[in-house]
Amino acid sequence: MLVLHIDMDSYFASIEQQANPRLRGRPIVVSGRPDIHSVVAAASREAKRYGIRAGMSTWEAKRLCPGVTFVAGNPDKYGSMARRFFQILLRYTPMVEVFSIDEAFLEVSQEIGRHGGPLALGRKIQEEFRGALGEWVTGSIGIAENKMLAKLAVEEAKPAGIRWFRPEEIPGVLERTPLEAVCGIGPRIARRLSHLGVLKLADLGRFPERVLRREFGVYGATLALWGRGLDPTPFVPYWQVEEVKSVGHSHAIPKALRHPEGARSVLLFLCEGVGRRLRLKGLSARVVHFSLRDADMRFCGGQRALESPTDDEETIFRAALDLCEAHGGFPDETTLVAVRATSVLPKEETVRPLFLAERRRERLAEAVDKIRDRHGDRAIWRGSVFASCRCLSQATGGLGQEKKIVLAEKASERAALPERQASRARPVPAARARG
Amino acid sequence: MGPSAGEAVEVEAFFSPSALHPRPLSLRWRGRRVSVEKIHLVHEAWEGDTRFLFYSLTAGGAFLELRYDSKRARWTAAGGSQAEG
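Visitor: Let's hear about the packing of helix α4 (residues 75–90) of chain A against helix α6 (residues 118–133) of chain A: which residues, and what values?
Guide: All names here are of chain A. Remark: α4 packs on α6, axes separated minimally by 10 Å, with the N-to-C direction vectors making an angle of 145 degrees. Crossing of α4 against α6: the hand is right-handed. Together, M81, R84, F85 and I88 of α4 and I125, E128, F129, A132 and L133 of α6 make up the contact between the two elements. Of the residues belonging to the contact of α4 with α6, the class tally is seven nonpolar, no polar and two charged.

Visitor: Run through the domain arrangement of chain A, naming residues and quoting values.
Guide: Under the domain assignment used here, chain A contains domain 1 (1–164), domain 2 (170–227) and domain 3 (246–404). Each of domain 1 of chain A and domain 3 of chain A was reduced to a C-alpha centroid, and the two centroids are 32 Å apart.

Visitor: Go over the confidence of the model for chain B with me, naming the residues and quoting the values.
Guide: All names here are of chain B. This prediction gives chain B a mean pLDDT of 88; 92% of its residues lie at or above 70. Within chain B, strand β1 (residues 10–14) carries the highest mean pLDDT (95), whereas strand β6 (residues 74–83) carries the lowest (76). Confidence estimates for the predicted assembly give a pTM of 0.80 and an ipTM of 0.90.

Visitor: Explain α6(A) residue by residue, including any values.
Guide: Residue and element names in this part refer to chain A. Compared with an ideal rise of 1.5 Å per residue, which puts 16 residues at 22 Å, α6 spans 22 Å between its outermost C-alpha atoms and is within 8% of the ideal. Residues of α6 that are buried include every one of P118, L121, G122, I125, F129 and L133, and no others. End-on view of α6: buried residues confined to an arc of 100 degrees, all on one side of the axis. Every exposed residue of α6 that faces more than 90 degrees away from the buried side is listed here: E127 and G131. If you follow the buried residues of α6, they end up packed against β1 (3–8), α4, α5 (112–115), β7 (139–144) and β8 (162–164). Backbone geometry just downstream of α6 places G134 in the positive-phi region, at approximately 115 degrees.

Visitor: How would you explain unusual backbone geometry if you had to name every residue and give the values?
Guide: Residue and element names in this part refer to chain A. Cis geometry is found at the peptide bond from K158 to P159, where omega equals -5 degrees. Looking at the secondary structure, you find P159 in the loop between α7 (147–157) and β8. Positive phi outside glycine occurs at S10, with the angle close to 40 degrees. Within the secondary structure, S10 sits in the loop between β1 and α1 (11–19). Assessed through the 25 C-beta atoms surrounding it within 10 Å, S10 is described here as buried.

Calculation notes
Residues numbered from 1 in each chain as written. Chains lettered and ligands numbered in written order. Predicted model: local features only at pLDDT ≥ 70, side-chain atom pairs only at ≥ 80, totals over all residues. Axes fitted to C-alpha atoms, helices over the stretch in contact; angles between N-to-C directions. Helix = DSSP H or I, 4+ residues; strand = E, 2+ residues; numbered from the N terminus. Left-handed = near helix turned anticlockwise from the far one by under 90°. Contact = placed C-beta atoms within 7 Å. Nonpolar A, V, L, I, M, F, W, Y, C, P; charged D, E, K, R; others polar. Domains from an automatic or database assignment. pLDDT = per-residue confidence, 0-100. Expected span 1.5 Å × (residues − 1). Buried ≥ 20, exposed ≤ 12 C-beta atoms within 10 Å, placed from the backbone. Arc of directions from axis to C-beta.

This is the structure:
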């Protein structure tokens, strides 16, 4: 097997620089609304030189580089460009695994002969990116025998380069690679391993597998394989539909809405989103999860099984609200709320509502969905959500929605869509949300 | 001074069946006509069943953003113009 890992360089920031020549060559940060506290979603190469990294708060970025320019994120722009680059990749092979909005794996064992080898293939892809996406949007390419090694290779290729780990180089790579560099080994696992004297990937390979299994369970076996440069993770091409396990939304609450009534409105806003997505996918959920974060950054929440599976936002909202009440209600200051519907099953396998009020609500939801399909999600609002959450959608118009970006509906989701909508869905894979 | 955000703009554009999107060639607003020098980026966005195309371009030495409503075939300025340089 030969795998190419494509990783776009400073993706959101490069796209903003491509769109606006005035931003080129300058340290810029893509974030939420620049005038409120937010986090860095992406930093340009110039900003990275000042130590600015994704995930950092905007005030910290400003401290590191007072001259940095903040640009509000635009998910439509990034999704649109991602579709374009995934379409380029699909010209080379149908074996494309979408890892995130700006990363993909290609399995090219069959194709490299036709393109003059892996390096030549990588150069062709980069050339096509330049033509279709613009001179400022570049991608780095890592090449290796499996996904884990290809992802390590791409780090050595950045920015805009190509790095191929040939089989004879692998022992050296394992000797020099720290554990945290591997996607799948987090800081906590790395710390636990360091206590066992395991610091590099090669150390992991030499470590007795039975001890790893005893310490980490099944995951220990995966660690042992990674330590030998092997990757048990399957290659999942975009057309292999993954089963939907849950549908959820969370939202950091802007200062103006952190009071109990505001947090309640945000919760209703999120439940509306969960209900709509369940209906789009033709699913119903049995279990509702709710959590909130208070001003001291403490989380609390719980889960509740419903009497019958539902896709009704009001039922989900009531269940979430009950869970909240069971934990003492909303605190004076709530900084984040989250709701998730799990134990999903196809709607056609569930019992139709018996009571008139429930049936009415179902018909109302269908009507609202039709209006939104035709005129957009912001064409119709609940009064209470409109009153408070208008500012919410503006405040996070960029980045709160980043996680929701779907490049094209999965086959199951597409089947549930009205024909008109399905026909406009692009033949490209769904992006997995990062982080 | 370019068009302000939301202002209607007359656009001479080239529609090719093989291209992903129409290509603006020149713009006219308030009786002034400028040629499009460079299109930096085009992206699309959907609102319900309406497809909007957003153009980031340089015309008459200024950077501006245009929005094309493909349902109504209307062009408007999406963002205020900024002088380049």
